[in-house]
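Geometric and topological summary
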Amino acid sequence: KQEVTQIPAALSVPEGENLVLNCSFTDSAIYNLQWFRQDPGKGLTSLLLIQSSQREQTSGRLNASLDKSSGRSTLYIAASQPGDSATYLCAVMSGNFGNEKLTFGTGTRLTIIP
Amino acid sequence: KAGVTQTPRYLIKTRGQQVTLSCSPISGHRSVSWYQQTPGQGLQFLFEYFSETQRNKGNFPGRFSGRQFSNSRSEMNVSTLELGDSALYLCASSPRQGLSNEQFFGPGTRLTVL
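Rules used in this analysis
- Residues numbered from 1 in each chain as written.
- Chains lettered and ligands numbered in written order.
- Predicted model: local features only at pLDDT ≥ 70, side-chain atom pairs only at ≥ 80, totals over all residues.
- Heavy atoms only, no water.
- Helix = DSSP H or I, 4+ residues; strand = E, 2+ residues; numbered from the N terminus.
- Rg over C-alpha atoms; globule rule 2.2 N^0.38 Å.
- Contact = heavy atoms within 4.5 Å.
- Salt bridge = Lys/Arg side-chain N within 4 Å of Asp/Glu carboxyl O.
- Buried < 20%, exposed > 50% of the residue type's maximum accessible area, 1.4 Å probe, protein only.
- Pairing = 2+ DSSP bridges.
- Phe/Tyr/Trp six-rings, centres within 6.5 Å; stacked < 30°, edge-to-face > 60°.
- Buried area = accessible area lost by both parts, 1.4 Å probe.
- Polar contact = N/O pair within 3.5 Å; in protein donor to acceptor, adjacent residues only side chain to side chain.
- Nonpolar A, V, L, I, M, F, W, Y, C, P; charged D, E, K, R; others polar.

From N to C terminus, chain B includes zero helices and eleven strands. Going from the N terminus to the C terminus, chain B shows its helices and strands as β-β-β-β-β-β-β-β-β-β-β. Against the globule reference of 13 Å for 114 residues, chain B gives a C-alpha radius of gyration of 13 Å, in line with a compact fold. Projecting the C-alpha coordinates of chain B onto the three principal axes gives extents of approximately 35 × 25 × 25 Å. Restricting the contact set of chain B to residue pairs at least 6 apart, pairs at least 24 apart contribute 56%.

If you want it as structure tokens, here you go:
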């Protein structure tokens, strides 16, 4: 059974700092890994999708890496801004075709202090 | 291009009642998936529909059901509501079948069961 863990559960950093969010998963047989952000009471916004054959993906100030063998992914946020404050969730897709499952971590609540 | 839309955004029901939630995917997307998000259990997969057929199902009781129409719009129904069904219900769409494709989420329907 796939399990996804995100540590820490909460993180506060001053504006302008670079930061790293962590995601680990127990079963390395994944199709891909996706990072989302969720603002309070809102839906999920897709940030980055890394296919199992890829090592990293970049979008603007965000960079996500994937190390399947060790069951880890990191989301790097450069030059953080108050608007980056949100809960960040990672999700891994695994399972046999027709029975794929998207397993979410419990998230890291990020607060950027102005 | 309009995003995923969900209606209603908020619902209050009492125990024993039933409820129907609606999801309209991004234009051209044919796969719709449903998720339940609660503080205790996090995000959990309910089911996926593609071309009007349920192709994948999570571990939820039979009180949770869904369907998809020919225009790809989907509805989710929960019968005999219980207090524990209070949650944010999220729908996601994808252009192709299979959860291994990137998922785009709607804003969610907040269901409160009294």
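From this point, the narrative continues.
Before going further, it helps to spend a moment on the pattern of salt bridges. Evaluated as defined, the whole model comprises eight salt bridges over all chains. In this structure, E75(B) and R67(B) form a salt bridge, with 3.2 Å as the shortest nitrogen-oxygen distance. Since its relative accessible area comes to 47%, R67(B) is described here as partly exposed. Via salt bridges that share partners, E100(A), E48(B) and R55(B) belong to a single interconnected network.

All names here are of chain A. A sheet is described by the order of its strands in space; here five strands give the open sequence 1-3-8-7-6, paired in antiparallel fashion. A strand with exactly one partner marks an edge of an open sheet, and here the two such strands are strand 1 (4-5) and strand 6 (56-59). Note: strand 1 against strand 3 (residues 19-25), two bridges, orientation antiparallel. Bridge pairing in strand 3 links V4 to F25.

On to the packing of aromatic side chains, then. All chains considered together, the criterion is met by eight aromatic pairs over all chains. An angle of 85° between the planes, with centres 5.8 Å apart, marks the rings of F104(A) and Y35(B) as edge-to-face. Of this pair, F104(A) sits in strand 10 (residues 101-104) while Y35(B) sits in strand 4 (residues 31-38), placing the two residues on different chains. Residue classification places Y35(B) among the buried positions, given a relative accessible area of 0%. Through successive ring pairs, a cluster of aromatic residues spans F36(A), F104(A), Y35(B), F45(B) and F105(B).

To continue, consider the interface of chain A and chain B. Counting residues at the interface gives 20 residues for chain A and 21 residues for chain B. Taking both sides of the interface into account, the surface hidden between chain A and chain B amounts to around 1600 Å²; carbon and sulfur atoms contribute 53%. Linking chain A to chain B there are one salt bridge. Here E100(A) makes a salt bridge to R55(B), at a shortest N to O gap of 3.0 Å. Remark: the boundary between chain A and chain B carries six residue pairs in polar contact (both at pLDDT 80 or more). Where the side of chain A that touches chain B is concerned, the elements lending two or more residues are strand 4 (30-38), strand 5 (44-51), strand 9 (86-94) and strand 10 of chain A. Ranked by residues supplied to the side of chain A that touches chain B, first place goes to strand 4 of chain A with five residues. By residue class, the composition of the side of chain A that touches chain B is nine nonpolar, eight polar and three charged.

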